[in-house]
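Residues per chain, in single letters:
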Amino acid sequence: MIGGRQPLRGRKLGDQRVRVERPHTPYFRYTGPGSLVAKAKASEPRTPVGRAWAQVRRALIGTPLATEAEISERLSKKKALAIFSSDAISSSAYATEEILSVLVLAGVSALFWSLWVAAAIVIMLAIVSTSYRQVGYAHPKGGGSYAVGRANLGVLAGLIAAAAVSVDYVMTVAVSTSSAVEQIVSAVPGLFDERVLIGVAAILIILVGNLRGLRESGNIFAVPTYAFVAASLLMIGLGIFHLTVLGEGQPARVAPPSSGVFEPLTIILLLKAFAGGSVALTGTEAIADGVQAFHPPEARNAAQTLTAMAILLGVLFIGVTFVADGYGILPIRDPTYVSVPSQVATAVFGGDSPLYYFFQAATALTLFLAANTSFNAFPRLAAILAQDGFMPRQFAFRGDRLAFTVGIVLLGGLSAAVVALFGGDTHALIPLYSIGVFVSFTIAQAGMVHHWWIERGAGWHWRIFINTVGAVLTGVVTVVVLFAKAPESLLVAVVIPILVGLMYLVHREYASQSRELEVRPGAIIGPPRRRERVVIPVPGLTRAVVQAVKFGRSISDNVQCVYVTEDTEQGEALRERFERQLPGVTFVIVESPFRSLVGPFLAYLDVTGVKDPEAITLVVLPEYVPRHIWDRILYNQVTNQLKRALLGRPNTVISTVPYRREG
């Protein structure tokens, strides 16, 4: 029990009571002998600057949540569909345009093949989504292709998948944001010059929204996603009605490609169109990475959400491509960019219709929020990698709102840099986009082939067939995309091995540290048997030095104060004062003709340590703590130099004794 009992006597005989004092009550909850649970007050900052920063954080991201609130922060299927599927669903806004941009190189007649290319991509979507349903059941703790690859194909395969999909998550944020800005520019051309600023600002807003926690970000982002789905389905439905029932539509305008050179329609060109449209599949992996974000039963809810996402994406993608083909719509980039979805909405709703502006607004918002898929999936993948020792441990820590703060901030910073570097041009970013995701698709499905071959559970024959077909298909697409989008795609092919190498370096460092710090389970740790000496570098006789000396005396009788100076007379005067006011403390003067402080002090430790090499040297550093943060640059500079110089020195322990004047 923490606290104390104070017996109190009354004025009358036998009038007695006991007052129990529990000073820990505001800060801790007592749960048993030697066990406490910290309350919110224990984590509150105690400095003015800390309290001010805490207020700013509460205003931006909300009040801190306790760990036990994690289950209430999980997502229902409706919210999860908006959060984890916004990337995949919104890709229908630019996937069709990527197909048309390639096919138009062979002339207007080649646009006939756009529907067939889209249909082939939807078939691949069905195979990949079915495979990832199985991944969710096989690895319900999340991790997606990384977990599957590592468990079934080895650590290297898992890290390649993790690096590839991490690159894709960064590119997802950049491409989705840039595409959203292009939708805005299509409706308001005057904002063209501000597209990078708008994109970076949008990423910052989404970053802050995700720092507020998973459930709250779901509340914020669900409405625009469902508004986009409703507006797109309405546009597709009316477009099909106009084309098939009313007989509207028109042949494509004859427009040469931007290069001014036509290419013959060949298998290579069709494969390039397929590679361009395959960006529609990006984001499919996100649900498998974030299985633990769902309400229980996690795996089943994730699988059902994944199926709903695949169906919606397939319908929207085929529908937009069909209507665009029926109205003869071509990509327009010069002299003013107008996106294909914007042209489709103009043809169906009319350019001045409120429905057109509603569709454009919903599309732009959803494309902005498509980045939210990565903001939920990447930090969870990074946390799993950190738990396995392949990323810094900070990525596994949850912030005030139970979000993986470090991963969210890193993703936001990298994607904003990519948007700025490429000028917010979606067409320039697309070649870098789908390489990573198809590498991870291939590894995940190949890993599931091995999984079913070893496990051989119910229905393993048809499951292994689906995964085998999917692995071969996505493997071929990976090669096609890599060469079709060269040389830009080769940049990703270089970045992925670099990331894998960095992960191995982090893991090797943690493994080395673990071996160094390991305590054998059978070891019994006894009391210290080594002698200790305390050495205190002193700048003079101050209250901070007195406090450091008292601390040193509480540890050892062998306390030495060392004064490094170029003025021996000043040193002797200080020695006389020490001997008078601090009797029993050894005072050593180290004369430094070259005016160096740190070097002579270290040399003194080395020389005196030779006399007793087995002794532990405790260097006690007196440190003055200024009242104001802006005063800190004026104090403790030598102390900080000594800390850096002593760090890692054999048989040496560093202790800082801070002194702060009260009142």
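What you are looking at is a predicted structure, and each value in this text was computed from that prediction instead of being measured.

Undergrad: What am I meant to see in the overall build of the protein chain here?
TA: The helix and strand tally for the protein chain stands at 22 helices and nine strands. Counting over 663 residues, the protein chain shows a buried share of 48%. Contacts spanning at least 24 positions in sequence make up 77% of the contacts within the protein chain whose residues lie at least 6 apart. For the protein chain, the accessible surface area stands at approximately 32,300 Å², while carbon and sulfur atoms represent 63% of it.

Undergrad: Sorry, what's going on with the sheet that holds strand E9 (residues 652-659) here?
TA: Hydrogen bonding along the main chain pairs the strands of a sheet, whether they run parallel or antiparallel. Read from one edge of the open sheet, five strands run E7-E6-E5-E8-E9, paired in parallel fashion. Here the strands that pair on one side only, and so sit at the sheet edges, are strand E7 (586-591) and E9. Across the sheet, the axes of successive neighbouring strands diverge by a mean angle of 25 degrees, strand direction being ignored. By the bridge criterion, four bridges tie strand E5 (residues 532-537) to strand E6 (residues 559-565) in an arrangement that is parallel.

Undergrad: Can you help me understand the confidence of the model for the protein chain in this one?
TA: Note that predicted coordinates carrying low pLDDT should not be read in detail. Within the protein chain, residue pLDDT values average 80, and 86% of them lie at 70 or more. Across the protein chain, helix H19 (residues 543-553) holds the top mean pLDDT of 92, while strand E1 (residues 4-9) sits lowest at 59.

Undergrad: Honestly, the nonpolar core in this entry has me stumped. Any pointers?
TA: Considering soluble globular proteins, one finds that nonpolar side chains tend to be buried as a cluster. In terms of nonpolar packing, the biggest core is built from 129 residues, with Phe 84, Leu 281, Phe 375 and Leu 385 touching the most fellow members. Core analysis: the second largest hydrophobic core is formed by 19 residues, Val 545, Val 549, Val 559 and Ile 589 among them.

Undergrad: Please clarify how the pattern of salt bridges should be interpreted in this entry.
TA: When the charged atoms of two side chains with opposite charge come close together, those side chains can pair. Throughout the structure, instances matching the rule amount to five salt bridges. Arg 575 serves as the salt-bridge partner of Glu 572, at 3.2 Å between the closest nitrogen and oxygen. One end of the pair, Glu 572, and the other, Arg 575, are both in helix H20 (residues 568-581), three residues apart, so they sit about a helical turn from each other. The class for Arg 575 is partly exposed, based on a relative accessible area of 23%. The partner of Arg 649 in a salt bridge is Asp 606, and the shortest N-O contact between them spans 2.4 Å.

Undergrad: Looking at this structure, how should I read a negative patch on the surface?
TA: A cluster of acidic residues, Glu 566, Asp 567, Glu 569 and Glu 591, forms a negative patch at the surface. On the secondary structure map, Glu 566 appears in the loop between E6 and H20.

Undergrad: Whenever I open this one, helix H6 (residues 155-187) confuses me. Can you help?
TA: Each α-helix turn comprises 3.6 residues. Residues three or four places apart therefore point the same way. The end-to-end C-alpha distance of H6 is 48 Å, a good match for the 48 Å that 33 residues give at a rise of 1.5 Å each. For H6, the tally of buried residues reaches 28 of 33 residues, placing the bulk of the element in the interior.

Conventions and cut-offs
- Residues numbered from 1 in each chain as written.
- Predicted model: local features only at pLDDT ≥ 70, side-chain atom pairs only at ≥ 80, totals over all residues.
- Heavy atoms only, no water.
- Helix = DSSP H or I, 4+ residues; strand = E, 2+ residues; numbered from the N terminus.
- Buried < 20%, exposed > 50% of the residue type's maximum accessible area, 1.4 Å probe, protein only.
- Contact = heavy atoms within 4.5 Å.
- Areas by Shrake-Rupley, 256 points an atom, 1.4 Å probe, with all protein chains shown as cover.
- Pairing = 2+ DSSP bridges.
- Axes fitted to C-alpha atoms, helices over the stretch in contact; angles between N-to-C directions.
- pLDDT = per-residue confidence, 0-100.
- Core = buried A, V, L, I, M, F, W, Y, C linked by side-chain atoms within 4.5 Å.
- Salt bridge = Lys/Arg side-chain N within 4 Å of Asp/Glu carboxyl O.
- Patch = residues over 30% accessible without salt bridge, like charges linked within 9 Å, V, L, I, M, F, W, Y side chains within 5 Å.
- Lys, Arg positive; Asp, Glu negative; His and termini not counted.
- Charge placed at Lys NZ, Arg CZ, Asp CG, Glu CD.
- Expected span 1.5 Å × (residues − 1).

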